[in-house]
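# Residue-level structure breakdown
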Amino acid sequence: MAVNDSEYMRRALQKARRGIGLTSPNPPVGAVIVKDGRELGSGWHHAAGEPHAEIEAINDAFYRHGSAALEGATIYVTLEPCSTQGRTGPCTTAIQRACLGRVVIGASDPNPAHQGRGGNLLREAGIKVVEGIEEAPCEELIRAFSKVQKTGLPWLIIKTAMSLDGRITRPPTEGQWLSGEESRDEVHRLRGEVDAILTSGQTVRADDPRLTVRSPEVPTQKEQPWRVILTSRDEGIPKSAHVLTDEHAERTLIHTRPQLERVLRELVCEHGVLTVLVEAGGRLVGRLLDEGWADELVVYLAPLLTGGPTPATGGEGVRKIADRLRLEGVRFQRFENDVRLRAILRGAGGDLER
């Protein structure tokens, strides 16, 4: 019987995506165990400190079919199995103890100190290893983890909602939203993917946002993202602001006159952050784009023309056409009358080795 490795790796990817937003500072990983064309077990990494996907899959197969069924079976795992002792034991050892005969890997470990080591240890133990199956989607799944490993900086997503003329102008007497209700619900799902939300003191003073995840579609075990406020004013944030008075106030970090790179590196080192979502006005968004910190863009386009003086993205902009930021992997989705654009930024933070 011909084995379709891609089919089973796509199944492992489905499992892995259940961990998006839950596993930091670890990446989301999924695993599936197959023998003679039959799936014996599967698993995914639920949270840092809990069993890795390979262990989850081995345990699932063991309890369903017994240890004998595992002998000679194939495990499909979206990321190269770990080979070092951390909060949990090395998965390479668990794979050997389970007597699995074949390991199919999607993406290699982006940590330069570990890259290739897991596969080599398994080969030395007499286990057949196949690498690079569905590699692109597996690498996309761990892109934030990869950036942290290579640069020490988090993956930064800029989110904005704007009118068709690129404005966020609103009369003072109206609410803070240009987009519709379905788009705002989608923003909560987007917040469920990230570890921190970055905004400006100006936005907090003007809109008093909550910056929390409030969606029944986000797993209940999802910890509220850190709320990171950058302010240039010594008086800081009003004491009555939601971010200082609600039940998640301990998840609010305020930086006065900050050095941006230092803030981002501290989020990684001190709080285990992999992904940051920016929800701010045009001034901060423009600065992030000008300085090349952003990796991804999510824009909600509302069917409005507002005009006025307030752009969704400010900053100095580019001096020549060759310096323009490019969008790759552009995806569109409609929410009621709004259209969401989501894309990777090139010529920005994702291209830099800092």
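In what follows, the structure referred to is the one given above.
Residues numbered from 1 in each chain as written. Predicted model: local features only at pLDDT ≥ 70, side-chain atom pairs only at ≥ 80, totals over all residues. Heavy atoms only, no water.

### Structural notes on the pairing of strand β2 (residues 38–44)
Buried residues dominate β2, accounting for 5 of its 7 residues. Direction of pairing for strand β1 (residues 30–35) relative to β2: antiparallel, over a ladder of 6 bridges. In the sheet register, Val32 faces β2, and the bridge partner there is Ser42. From the end of β1 to the start of β2, which pair antiparallel, there are 2 residues, and Asp36 there has a positive phi angle of about 55°. (Buried < 20%, exposed > 50% of the residue type's maximum accessible area, 1.4 Å probe, protein only. Helix = DSSP H or I, 4+ residues; strand = E, 2+ residues; numbered from the N terminus. Pairing = 2+ DSSP bridges.)

### Description of the environment of Pro209
You can see Pro209 is positioned in the loop between α9 (201–207) and β8 (226–231). On the accessibility criterion, Pro209 (10% relative accessible area) is buried. With 34 residues separating them in the primary sequence, Pro209 and Val243 have C-alpha atoms 7.5 Å apart. Ignoring any residue separated from it by four or fewer positions in sequence, one finds Pro209 in contact with Thr203, Val204, His242 and Val243. (Contact = heavy atoms within 4.5 Å.)

### Brief notes about the sheet that holds strand β4 (residues 102–107)
For sheets, the rule is that strands pair by backbone hydrogen bonds, running either parallel or antiparallel. The 5 strands lie next to each other as β2-β1-β3-β4-β5, forming an open sheet whose pairing is mixed. The sheet is open, and its two edges are formed by β2 and β5 (128–131), each paired on a single side. For this sheet, the mean inter-axis angle between neighbouring strands, taken without regard to orientation, is 15°. Inspection of the sheet shows β1 paired to strand β3 (residues 74–79) by 4 bridges, in the antiparallel sense. Residue pairing in the sheet places Ile33 in a bridge with Ile75 of β3. Each of β1, β2 and β3 is contacted by helix α2 (residues 53–65), which is oriented at about 140° to β2, the strand it contacts most. (Axes fitted to C-alpha atoms, helices over the stretch in contact; angles between N-to-C directions.)

### Some remarks on helix α11 (residues 260–271)
Its 12 residues place the ends of α11 16 Å apart at the C-alpha level, agreeing with the 16 Å of an ideal helix rising 1.5 Å per residue. All of the buried residues along α11 are Leu260, Val263, Leu264, Leu267 and Val268. All buried residues of α11 lie within an arc of 135° about the axis, which places them on one face of the element. Turned more than 90 degrees from where α11 packs its buried face, Arg262, Cys269 and Glu270 sit exposed. Within two residues after α11, Gly272 carries a phi angle of roughly 65°, on the positive side. (Expected span 1.5 Å × (residues − 1). Arc of directions from axis to C-beta.)

### Quick look at helix α7 (residues 143–151)
Among the 9 residues of α7, 7 are classified as buried, and the element is accordingly described as predominantly covered. Burial in α7 covers these residues: Arg143, Ala144, Phe145, Ser146, Lys147, Val148 and Thr151. The elements touched by buried residues of α7 are α6 (135–141), β6 (155–162), α11, β10 (275–279), β11 (296–301) and β13 (338–346). Just past α7, the residue Gly152 takes up positive phi, approximately 75°.

### Thoughts on the state of the cysteines
This model, assessed by the stated rule, comprises 0 disulfides. Looking at the unpaired Cys82, the closest cysteine sulfur is the one in Cys91, lying at 3.6 Å. (Disulfide = S-S within 2.5 Å.)

### Thoughts on the pattern of salt bridges
This model, assessed by the stated rule, comprises 21 salt bridges. Put simply, Glu140 and Arg143 hold a salt bridge, and the shortest N to O gap is 3.6 Å. Here Glu296 makes a salt bridge to Arg342, at a shortest N to O gap of 2.6 Å. In this pair, Glu296 sits in strand β11 while Arg342 sits in strand β13, placing the two residues 46 residues apart along the sequence. Per residue, the accessibility class of Glu296 equals that of Arg342, and both read buried. Ionic contacts of the salt-bridge type, sharing partners, join the residues Glu140, Arg143, Glu193, Glu296 and Arg342 into one network. (Salt bridge = Lys/Arg side-chain N within 4 Å of Asp/Glu carboxyl O.)

### Description of the packing of aromatic side chains
A full pass over the atoms with the stated rule returns 2 aromatic pairs. Seen in terms of ring centroids, Tyr8 and Tyr76 are 5.3 Å apart; in terms of plane orientation they differ by 40°. Their pairing is tilted. Residue Tyr8 is found in helix α1 (residues 5–16), and its partner Tyr76 is found in strand β3; the two are separated by 68 residues along the sequence. Judged by relative accessible area, which is 15%, Tyr8 ranks as buried. Centroid distance Phe62 to Tyr63: 5.4 Å. Interplanar angle 70°. Geometry classified as edge-to-face. Of the residues examined, Phe62 reaches a relative accessible area of 39% and is grouped as partly exposed. (Phe/Tyr/Trp six-rings, centres within 6.5 Å; stacked < 30°, edge-to-face > 60°.)

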